Every structure is written in C-alpha cells, then in structure tokens.
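The lines below spell out each chain.
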Amino acid sequence: MGEYLLGIDAGNTVIKAVIFDRRGNEIAMAAEEGHSHVPKPGHVERGLGELWSHAKVVIRACIERAGIPASEIVAIGCAGHGNGLYALDRDGEPLLGIQSLDTRAAGLVEEWQAEGVGERTYPVAGQRPWPSQTPTLLAWLKRHRPELFARIGTVFLCKDFVVNRLTGARVSEVSDMSGAGLIDVAARRYDAALMKAYGLGDCLGLLPDLAESADIVGRVTEDAAAQTGLAEGTPVVGGLFDVVASAIGSGVTRTGAASIIAGTWSINQVIIDQPDLSSPLFMSATFDRKRYMAIEASATSAANLEWLVREFFPHDASDSRSPFDLCCQLADDVEPAANDPLYHPFLYGAQQDGNARAGFYGIAGWHTKGHLVRAVLEGVAFGHRQHITTLRTAGARFDEAVLSGGGSRSLIWPQIFADVLGVPVTVARSRETGALGAAIAAGAGIGLFADISAGAAAMVQTERHYRPNAALSAHYDRRFALYGEIAAAMAPIWRRLATPAPLVREAAE
C-alpha cells in the first residue's frame, strides 16, 4: 500500500494541491489563481463554481505530475482561509462566497461595539465581532439581503466547501469554527447563547456538523473521483483553519512555540494549553484535541507586496528574476535611514478599524522605488510587531519564531522580520506549509502518525535561520513608534474618507 498524502490549501487567492511522502518530501504540486469580484466597494466575493473547478484542475494535475496511481494516496486533508462566508442553498448547491478581505460589515461592527455585543461574545468565543468574521457577515446578510439570507441552507468556511464537493459531507471542524467565533472555545461546541448574541439565535440549523481536525469525515465519492482523478473511497479528514495548518506545517507544535505567517493575512500565534478568554487577544482557535492557538491577526501582510507588484512592477521577460525577487532586491539595496518613508499596510482595513487605509508617509524627492518597496516590507513587519505586542501583553512568552507564508520565500524579508521583531526567525524547508499541515492531519487521521505533533516531527524540516541585527534595534523602535503615531492621527481622516459623499460631478451640478 502507498503512503502518499494529499494536502489541499485553499487561500483567498490561490488553491494548491500538494502530494507528500510520509517524510514530508514534496512529490508534486499544482496551483491555480482565482479571481475576486468587487461588486461594490468593500465587497470581496468569489465564485464557488470557479473554486471547485480550480480544485478539480489542481488535484488532477498534481496526481499526473507525481506519476503515481491515485490509489497510492492514502488520505486527504484540506486547509483553507478562515472566516468570510461560503454558503450552500437549501438544496446543497453553491450559493455565495464572501472572502475574508470583505469589509461590508464595518458599519455593523461599529454599531455592535456601541451596544457591547463583543462583551457578550468574547467570554464564550474568544472573539469580538469584526467586519469579515463569519457570524458578522451572516448577520449583515440577514439585515441587508434578506431574500438571499432566506435561501441559505449551510454556512461553510472555505475548505469545508472543498471537502463537501469531494465527499458530500455537510461538516466543518473545530479549528476553523473556533477561528470564526462560532463555537464555545472551551467546550468545543456550538452555543445557542453565543448565536443569539450575534442576532443569529434562529441560525443554529445553518451550521454544519462539527468534527475534530484529524477525524475522517467522509470519503471521495464516485462523482468526485471521476472529476478529480482521485481514487473513489479515499478518506478525507476534517482539515484545518489554514493558519493552524501553516503552523503545524512549519513545525510549530509545542506549547509556547510561535508561528508568524506573512500571507494575505498577518497571522501571529502562540500555542497555549488553555484558551484565555479574559485577555485582549483577537481570537483563540483550537490547536489539537487539548491545546489552543492564541492568535493576533489582520488582513495586513503580504497582500500589500502583491498589490505593489501587480500595479507597479509588470513582469519583464528579459529579466530572469520574478517581480517579487526584483522588489526584494531593490529593498535590500537601500541602506536603512531615519528619514526613510513609512507605510501603513491597510489595503483591506485594520483589525478593529474597517475604515483604515494604506498610505506612504514621508516621501521626498530623493527616494527611489527601492525606498518605497522597503517601506512596504517594513510596514508589513510593523503590523506583525503590533500584533505580537498584544500577544505579549496578554502573557504569551516566546524568544524565537517560525515564519511561513509567501513572505518567507524571500531571502531578504525574513531578515527584516527578525530585525523589526527582535527575535531569531526560522524558515521551514517546505514552501507549502498550509498544504503540509493538512497532509499531516490526514496522516494522523488514518493512524500513519500517533497524532498531529508526531506527524509534524516526521515531516517538517528547517531550511534557513535569521538572527536580529542588534545595531538596528533602536532604529526600528523609533520607526515603529512613528508608525503607531501616524495611524492614530489618521484614524479620523480614514473615517471621513469612508463616509459616503456625492460624486464630484453631482456636487458641481
């Protein structure tokens, strides 16, 4: 019998399928980039038909590239971006996909803050409402799109939809549902009082069955096998919230270990033994059957570099470097200076301020593209530092971290992270840590490993290590303070920018 594991990682932008052997070696990988739709400002959606179509393409391509019989894949695990809202209708057909970059519910969050809703949800879910949180979006749909809301039959997270298409199962699991603020974190179950606090007391029936991450929740159906090239009957586990999967796939499994993910979202997390429901943390999510992740996060990370490259660095066919590598090299050529520009990475809002916007500050005539790129790389790292400061204020203690996500692929950005955060930073060998974490859970689910931690020990290897430059400590302390001061000064202006006003032409008329 074969011992290959398939990990699927469905992010906000790209879905990947990766086949690993039991030692963590990547046998084959395939990826497809999806398309977001912005029907209105702040509304960020995706077509569920496209998501499944891309999932089928990458699974089939991955199997073909691996050159192995599909029957050699012994289990499948899925990871996916948390929050947002992926809904099926009452007949189980795809209805709506809202991504975790969506900010349409920012006004509702402000209203709930004034009403103290978060004071009722936090002691149970370990979260206060925020704009792209799943229950917040569901409540927004209930209020503003009642005809669409009435058609919802199931509320999924991103990877749950893929699992559903593979197996037909109407199921989610505890890491994703806790990350979405939809369960009693300590009890690891849905809670009627919690749903009522969100104004969703009549919506418990919309939530899918709840499993543990490594539980086998179904098997590949005959139809899904025909569409993907998988073997019918292959077991599929519940899967993982992608931030937890990336931590596992980068080897972060012991209590007190820290994981930093520089992806679409800025994820900063530390493993704890018990959820802390009295601290100011952004969220607590389950880690395994006994432990939890204390998480500080926002949509303020590597998506900023992706935007910069997409808009200002078109690919040059004559240059063998990728636009991302070119950007990082330009940044590395800049000698850090006190008068360098600063950047706020708020393209999709800030954690508790959906009105926040990105911006460069302090640009002078002598600054170059390299200075602006470095400002983006530093600004993203400052955003991570802000979250880590909150983790430490809440009692989390760590003196090193593992970096994963797209930002870890750069040879330069991890050093900036080490310098800004002031701790050594390690990068795991695998670039596909989310898919690897999902594959590890799949291996644990079928008994290939004793548990998830044992699977990580067997499949994860370290590639690079960065130590902070002590000479830059004071420099980055000063710039981080300025970063915060400017953000505080800009907050009322961001609010004014977000307030609807007549178009210029209409005002003139």
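**Thoughts on unusual backbone geometry**
With a phi close to 60°, Asn 83 is a non-glycine residue in the positive phi region. If you trace the backbone, Asn 83 turns up in the loop between strand S4 (73–80) and strand S5 (85–89). A residue is classified by how much of its surface remains accessible, and Asn 83, at 2% relative accessible area, is buried. In this structure, Arg 188 is a non-glycine residue whose phi angle is positive, near 60°. In this fold, Arg 188 is placed in the loop between helix H7 (174–179) and helix H8 (192–197). In this structure Arg 188 comes out as buried when scored by relative accessible area, which is 15%.

**Details of the nonpolar core**
If you look at the biggest cluster of nonpolar residues, it comprises 54 residues, and the most contacted ones within it are Leu 377, Trp 413 and Phe 417. It is helix H13 (residues 369–393) that provides the largest number of residues to this core, a total of nine residues. Ignoring anything within four residues of it in the chain, the contact list for Trp 413 reads Ala 302, Leu 305, Leu 377, Val 380 and Gly 407. Counting residues in each nonpolar core, the second largest holds 48 residues, with Val 244, Ala 247, Met 283 and Phe 449 among its members.

**Regarding the environment of Val 309**
Structurally, Val 309 is set in helix H11 (residues 303–312). Taking the C-alpha atoms as reference points, Val 309 and Arg 291, 18 residues apart in sequence, are found 39 Å from one another. The contact partners of Val 309, leaving out residues within four places of it in the chain, are Pro 314, Pro 323, Phe 324 and Cys 327.

**A few points about the packing of H11 against H13**
Orientation of H11 relative to H13, taken along the N-to-C sense of each, is 155°, at an axis distance of 9 Å. By the angle between their directions, the pair H11 and H13 is classed as roughly antiparallel. Of the residues in H13, those in contact with Asn 304, Leu 305, Leu 308 and Phe 312 of H11 are Lys 369, Val 373, Val 376, Leu 377 and Val 380. Across the contact of H11 with H13, the residue classes tally to seven nonpolar, one polar and one charged.

**Let's talk about helix H17 (residues 473–498)**
An α-helix turns once per 3.6 residues; consequently, residues spaced three or four apart project the same way. Taking 1.5 Å of rise per residue, 26 residues should cover 38 Å, and H17 covers 36 Å from first to last C-alpha, within 8% of that figure. The sharpest bend along H17 reaches about 40° and sits at Ala 491, with the proline Pro 492 one to four residues further on. Where H17 is concerned, the buried positions are His 475, Tyr 476, Arg 479, Phe 480, Tyr 483, Ala 487, Met 490 and Trp 494. Close packing links the buried residues of H17 with strand S17 (342–344), strand S18 (359–361), H13 and helix H14 (413–421).

About the criteria used
- Residues numbered from 1 in each chain as written.
- Predicted model: local features only at pLDDT ≥ 70, side-chain atom pairs only at ≥ 80, totals over all residues.
- Heavy atoms only, no water.
- Helix = DSSP H or I, 4+ residues; strand = E, 2+ residues; numbered from the N terminus.
- Buried < 20%, exposed > 50% of the residue type's maximum accessible area, 1.4 Å probe, protein only.
- Core = buried A, V, L, I, M, F, W, Y, C linked by side-chain atoms within 4.5 Å.
- Contact = heavy atoms within 4.5 Å.
- Axes fitted to C-alpha atoms, helices over the stretch in contact; angles between N-to-C directions.
- Parallel < 35°, antiparallel > 145°, perpendicular 65-115°, else oblique.
- Nonpolar A, V, L, I, M, F, W, Y, C, P; charged D, E, K, R; others polar.
- Expected span 1.5 Å × (residues − 1).
- Bend = angle between axes of the 7 residues up to and from the residue.

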